Amino acid sequence: MRTRDLGFLLAFSTAALPAGGLLLARQGLPLDLAAWFPIAFIFGVVPWIDAACGLDTDNPVDVDEGHRLEHSRYFRTLTALVLPVWLGLLGWCTWQFAQQPFGPVGQVGWLVSTGVIGGVLAINPAHELIHKSSRWEPLFGGVLLTSVGYPGFKVEHVRGHHLHVATPEDSSSARLDESVYAFVPRALWRNARNAWRLEAQRLRARGHSPWGARNEMVRWYALWLLFMAGFLAAGGVRALAFFLLQGLIAAATLEVINYVEHYGLERREVAPGRYERVTHHHSWNAPQRYTNWLLFNLQRHSDHHAVARRRYQALRHHDDSPRLPAGYATMFVLALAPPLWRRVMNPRALACRH
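Summarised in this report is the structure supplied together with it.

Rules and cut-offs
- Residues numbered from 1 in each chain as written.
- Predicted model: local features only at pLDDT ≥ 70, side-chain atom pairs only at ≥ 80, totals over all residues.
- Heavy atoms only, no water.
- Axes fitted to C-alpha atoms, helices over the stretch in contact; angles between N-to-C directions.
- Helix = DSSP H or I, 4+ residues; strand = E, 2+ residues; numbered from the N terminus.
- Parallel < 35°, antiparallel > 145°, perpendicular 65-115°, else oblique.
- Left-handed = near helix turned anticlockwise from the far one by under 90°.
- Contact = heavy atoms within 4.5 Å.
- Nonpolar A, V, L, I, M, F, W, Y, C, P; charged D, E, K, R; others polar.
- Buried < 20%, exposed > 50% of the residue type's maximum accessible area, 1.4 Å probe, protein only.
- Salt bridge = Lys/Arg side-chain N within 4 Å of Asp/Glu carboxyl O.

**Some points on the packing of helix 3 (residues 37-53) against helix 13 (residues 328-335)**
Contact geometry for helix 3 and helix 13: axes closest at 8 Å, N-to-C directions at 130°. Comparing the axis directions of helix 3 and helix 13 gives the class oblique. Taken as a pair, helix 3 and helix 13 cross one another with a handedness that is left-handed. Side by side, helix 3 and helix 13 meet where Ile42, Phe43, Val46 and Pro47 of the first sit next to Ala329, Thr330, Phe332 and Val333 of the second. Across the contact of helix 3 with helix 13, the residue classes break down as seven nonpolar, one polar and no charged.

**Concerning the packing of helix 7 (residues 136-147) against helix 10 (residues 216-262)**
With their axes 9 Å apart at the nearest point, helix 7 and helix 10 run at an angle of 35° to one another. Crossing of helix 7 over helix 10 shows right-handed handedness. Along its contact with helix 7, which presents Pro138, Leu139, Gly142, Val143, Thr146 and Ser147, the element helix 10 presents Trp220, Leu223, Trp224, Phe227, Phe243 and Gln246. Across the contact of helix 7 with helix 10, the residue classes break down as eight nonpolar, four polar and no charged.

**Thoughts on unusual backbone geometry**
Residue aspartate 177 is not a glycine yet carries a positive backbone phi of 80°. Locating aspartate 177 in the fold gives a position in the loop between helix 8 (152-164) and helix 9 (180-205). On the basis of relative accessible area, aspartate 177 is assigned to the partly exposed category, the value being 41%. Residue asparagine 297 is not a glycine yet carries a positive backbone phi of 65°. Along the chain, asparagine 297 turns up in the loop between helix 11 (289-294) and helix 12 (301-306). Classification of asparagine 297 by relative accessible area gives buried; the value is 5%.

**With respect to the pattern of salt bridges**
Counted by the stated rule, this structure contains 14 salt bridges. Arginine 289 is paired through a salt bridge with aspartate 56; the nearest N and O atoms lie 3.9 Å apart. One end of the pair, arginine 289, is in helix 11; the other, aspartate 56, is in the loop between helix 3 and helix 4 (63-70), and 233 residues separate them in sequence. With its nearest N and O atoms 2.8 Å apart, the salt bridge here joins aspartate 303 to arginine 310. Here aspartate 303 falls in the buried class, since its relative accessible area comes to 2%. Each of Lys154, Arg159, Glu199, Arg202 and Glu216 takes part in salt bridges that share partners, so that together they form one network.

Structure, rendered in structure tokens:
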């Protein structure tokens, strides 16, 4: 194993951020400000660490190294560990929400912090897991997605987004000039709706009713109801509300990242309703080493779309892929200011169309 591969252990560092905020509160930081510490770190400190750690453009040197990376248990173990770590963190954050004397500002900060961490620590590894062919990996990915109330992503992302990416048919590809505030509600609604439609189509094609235990969406939403019942029983209405709202924020965080990853890029239509094959030219990338460790190489997104089953540790950097001017944390914040976003990204997006 390469020394650099140990960097992926940093993916779990986001789980320590809420406790870090409470520790700062013990040192004198006002509690309501401490509740916002994870947000301040992710969007205020991570870009500086990215600058300090530099860029990672290395690829496996040969076929043998690529094969070794693909089959290493170390990397699979990391994504498997995410499930207990996240579920434990979610339970702890909910308990702290009920126990700590947060004011209104602190309550919002703790909720937003938990939701954003859910987008990073739950949904991002789930995205890796749902693409794999083993029995346990898609199962773990589905549980992670259900814990944030977004299980339809498991169905729509694999069967919808990867088929239609960078076309008008895709719910997760932002159009040129579309603001993130228009994109996120549309993506949340259409992706959930499409997941039910795709699963119903699959079952009808096999001669089954779309309503029943064979329907994957029915099973995942049944699990979601069990999560809801568990939080309600353990902490009452307050805990249930926290569970539901952190999931909404986590899902919205994911869709902001989708906005960043696909903004303004298009595949050429080669015939009515038919588009050129997906390649590493159809997603935005960022080579910042530190954020790629945090996100299991999510920023190598073009190669993921070109070879969807390739494991995160073996994803390739392509010099000719569309490249973001900064890492995801910076681009996330920039997306929240549409005029600045368009000024930075529109020329780049248009240049990629020629």
